[in-house]
Amino acid sequence: MPELIPGLAGVPAAESAVSFIDGQKGLLAYRGHPIQVLAERSTFQEVAWLLLYGTLPKRAEFDGFREQLGTRREIPERMYDVIRALPGNGHPMDALQACMASLGMFSRHTDFRDASTADEAITRILAAMPVMVAAFDRIRGGEDVVPPRPELDTAANFLWMLTGEEPDELAARVLDVALILHADHTMNASTFAARVVASTEADPYTVVSSAIGALTGPLHGGANERVLDQLRDIGEAESVEAWVDGQVAAKKKIMGFGHRVYKVKDPRADILQGLAIDLFEKLGRTPLYDTAVTLEDEVVKRLGDKGIHPNVDFYSGIVYSKLQIPIDLFTPVFAMARTAGWLAHWREQMVDNKIFRPAQVYAGVHDAEYVPIDER
Ligand code: CMC
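(A) Highlighting the environment of H345. Among the secondary structure elements, H345 is positioned in helix 16 (residues 330-351). Judged by relative accessible area, which is 0%, H345 ranks as buried. Separated by 159 residues in sequence, H345 and T186 have C-alpha atoms that sit 9.2 Å apart. Other than its neighbours up to four places away in sequence, H345 contacts S16, V18, D184, T186, M187, T191 and R195.

(B) Region of the structure containing the packing of aromatic side chains. Overall, the coordinates contain 9 aromatic pairs when judged by the stated rule. Where F112 meets W346, the ring centres are 6.4 Å apart and the plane angle is 75°; that geometry is what we call edge-to-face. One end of the pair, F112, is in the loop between helix 5 (92-105) and helix 6 (115-140); the other, W346, is in helix 16, with 234 residues separating them in the sequence. Pair check on accessibility: F112 and W346 agree, each one buried.

(C) The nonpolar core, seen in detail. Grouped together as the largest cluster of nonpolar side chains are 114 residues, with contacts concentrated most on Y30 and I325. Both domains that meet at this core, namely domain 1 (16-217 + 328-351) and domain 2 (223-322), each give it at least three residues. Those residues in contact with Y30 that lie beyond four places of it in its chain are V18, S19, I35, L38, V47, L50, L51, I180, L181, H182, A183 and D184.

Parameters at a glance
Residues numbered from 1 in each chain as written. Predicted model: local features only at pLDDT ≥ 70, side-chain atom pairs only at ≥ 80, totals over all residues. Heavy atoms only, no water. Helix = DSSP H or I, 4+ residues; strand = E, 2+ residues; numbered from the N terminus. Buried < 20%, exposed > 50% of the residue type's maximum accessible area, 1.4 Å probe, protein only. Contact = heavy atoms within 4.5 Å. Phe/Tyr/Trp six-rings, centres within 6.5 Å; stacked < 30°, edge-to-face > 60°. Core = buried A, V, L, I, M, F, W, Y, C linked by side-chain atoms within 4.5 Å. Domains from an automatic or database assignment.

Written out as structure tokens, the structure reads:
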């Protein structure tokens, strides 16, 4: 009987060249490029290409990709009917999952092994994600959908579609960097879900909608909105110490801390913290930031030895709320970015596919007696 490893911790599930983490050194790289360099010098659209196709794009490749990401924001008109039919008080992640599955139903292609069909699906999916998130938010608020603008980058167009206002340059750049930081992260739960579904040769719309479902949970992408709730519950920085003592004594998880792979501070948390500070210089300081910094100090003081440090979700909520993004859209924004990684893993899985079919350790009974219903 093979040994059971709960959560497959440390068990390789696939060979991948998409991203790399050294959890002891706090290092993350996409296709060999350190995340800090990409955050400083690249854009989300360029990073999406890098993840998908393995190298930085040449000028002509990038221009064509960018143009398609712009024009493919025009989703089928009936998709807006789908969005209008969804309950406006439901969670936007559920809406997004339903929308992605629906979008797949409008796709005419079945042979995604054909390279141009696959490429077309990739740009349709990447382009549609922010459009569907923004449209859901406008429609649930009783507002008209703001038509997409093909000339804008992904982040700027998303802010435009959310508000109908010309996006601020700093706000658009900060969101673009946040998308870069969330675009891939090795074999996390949603990427593993994407690869499992991909291994059945399901279409990429189904792959992405399944991954959206996996990202929703509070132990994964759903942690980011809970971090802000947690900071609001704590309130002032002075209340942090007693709050952390209470959580630790009750053995309760603190949202935005801990990671299966990182045993030091997540490098993405450092960059997001820097982005928050950039935003404060222009837009004023968020009082909850002081609570967050004190929380980091107090948690690391008590749990740092166990490798518990801030993860990517810890500072992202402060950044997004400064950008006026509603709290329940934080995880959909994560999904918009991670779609690039999910699709890169879908492509990779398709190259030398073997369906995932792991074993189990059976813990049930054998030879159970069937007793007729009235004799039980
Ligand atoms: N607060 C307090 N204690 C923690 C935390 C935390 N956030 N995370 C882990 N621990 C403790 C845990 O109680 C356990 O202690 P003990 O050995 O005494 O029982 C030990 O550390 C190992 O924890 P685990 O839950 O077995 O570790 P894991 O690798 O299975 O889980 C994790 C990783 C991210 C699910 C976990 O750290 C966690 O639940 N964090 C809070 C939720 C969160 O912030 N999630 C976002 C993750 S990063 C972005 C993403 O993936 O979307």
